[in-house]
Amino acid sequence: MAASPATAVPEKSPKSSPPEFVPFDFSKPPLIDGFNPLGKLKDETLKEKLLRKTTENPFVPIGCLGTAGALIYGLRAFNLGKTKQSQLSMRGRIFAQGFTVVALVFGIFTTTMKPKE
């Protein structure tokens with residue numbers, strides 16, 4: 001058998017290849033519009049946040065208090081055996097819960113429609 005001439009494969013010199021595409025650099029926080037990864041400069045306390053949220057949408061706490069009041073009154077009337085008052089207060093509780101849900105939806109709607117500052 002005749003030996004076939006060896007084909008010379010040119011070796012590639014170790015050139016610096018371009019860096020591969022990295023979708024996320026883990027050494028830096030992601031860039032998201034409207035998001036500050038450093039957070040607020042001043043943290044709110046629970047009392048400050050409650051007051052701010054209450055002034056933004058005062059109907060939600062009113063609905064929550066109405067729901068709790070109707071529930072407590074209805075349970076007390078049920079315990080005392082006053083079935084008619086118990087039924088009426090449970091219906092009032094459902095009305096107060098509906099009021100609270102509507103207030104939440106209205107608050108979310110007004111927040112989304114508010115222009116950004």
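Quick caveat, the model's predicted, so the values are computed rather than measured.

A.B. asks: How should I be thinking about the overall build of the protein in this particular structure?
C.D. replies: A count of helices and strands for the protein gives three helices and zero strands. Starting at the N terminus and walking to the C terminus, you meet the elements of the protein as α-α-α. A separation of at least 24 residues holds for 46% of the contacts in the protein among residues at least 6 apart in sequence. For the protein, the exposed area adds up to about 11,200 Å²; of that, 68% sits on carbon and sulfur atoms.

A.B. asks: What is the right way to read the pattern of salt bridges from this model?
C.D. replies: A side chain of one charge can pair with a side chain of the opposite charge when the charged atoms of the two come close. Evaluation of the coordinates by the stated rule reveals two salt bridges. Glu44 serves as the salt-bridge partner of Arg52, at 2.7 Å between the closest nitrogen and oxygen. For the salt bridge of Arg52 with Glu56, the shortest nitrogen-to-oxygen distance reads 3.2 Å. With Arg52 and Glu56 both in helix H1 (residues 46–56) and four residues apart, this pair spans about one turn of that helix. Relative accessible area serves as the criterion here: at 45%, Glu56 is assigned to the partly exposed category. Taken together, the salt bridges that share partners define one network made up of Glu44, Arg52 and Glu56.

A.B. asks: Got a minute to help me understand the side chain of Asn57 in this structure?
C.D. replies: Along the chain, Asn57 turns up in the loop between H1 and helix H2 (59–80). Sequence-distant contacts of Asn57, defined by excluding residues within four places in its chain, comprise Ala103, Leu104 and Gly107.

A.B. asks: Even after reading the chapter, I still don't get the packing of aromatic side chains, so can you show me in this structure?
C.D. replies: Aromatic ring pairs are reported here in terms of the distance separating the ring centres and the angle at which the planes meet. Tallying each qualifying case throughout the model produces one aromatic pair. With a centroid separation of 6.2 Å and an interplanar angle of 90°, the aromatic rings of Phe59 and Phe99 are classed as edge-to-face. Pair noted here: Phe59 is in helix H2 and Phe99 is in helix H3 (residues 83–113), with a separation of 40 residues, a long-range link. Owing to a relative accessible area of 44%, Phe59 belongs among the partly exposed residues under this scheme.

A.B. asks: Got a minute to help me understand H3 in this structure?
C.D. replies: Spacing of three or four residues puts side chains on the same side of an α-helix, whose turn is 3.6 residues. Over its 31 residues, H3 runs 45 Å from end to end, which matches the ideal 45 Å to within 8%, given 1.5 Å per residue. Within the span of H3, buried status applies to Ser86, Ser89, Met90, Ala96, Thr100, Ala103 and Gly107. Packing partners of the buried residues in H3 comprise H2.

A.B. asks: What is the right way to read the confidence of the model for the protein from this model?
C.D. replies: Model confidence for the protein is summarised by a mean pLDDT of 81, while 74% of its residues fall at 70 or above. Element-level pLDDT for the protein is lowest in H1, with a mean of 89, against a maximum mean of 94 in H2.

A.B. asks: Quick question: what am I supposed to make of a nonpolar patch on the surface here?
C.D. replies: A cluster of nonpolar side chains, Phe59, Ile62 and Phe99, forms an exposed patch at the surface whose accessible area comes to about 280 Å². Within the fold, Ile62 resides in helix H2.

Cut-offs and rules
- Residues numbered from 1 in each chain as written.
- Predicted model: local features only at pLDDT ≥ 70, side-chain atom pairs only at ≥ 80, totals over all residues.
- Heavy atoms only, no water.
- Helix = DSSP H or I, 4+ residues; strand = E, 2+ residues; numbered from the N terminus.
- Contact = heavy atoms within 4.5 Å.
- Areas by Shrake-Rupley, 256 points an atom, 1.4 Å probe, with all protein chains shown as cover.
- Salt bridge = Lys/Arg side-chain N within 4 Å of Asp/Glu carboxyl O.
- Buried < 20%, exposed > 50% of the residue type's maximum accessible area, 1.4 Å probe, protein only.
- Phe/Tyr/Trp six-rings, centres within 6.5 Å; stacked < 30°, edge-to-face > 60°.
- Expected span 1.5 Å × (residues − 1).
- pLDDT = per-residue confidence, 0-100.
- Patch = residues over 30% accessible without salt bridge, like charges linked within 9 Å, V, L, I, M, F, W, Y side chains within 5 Å.

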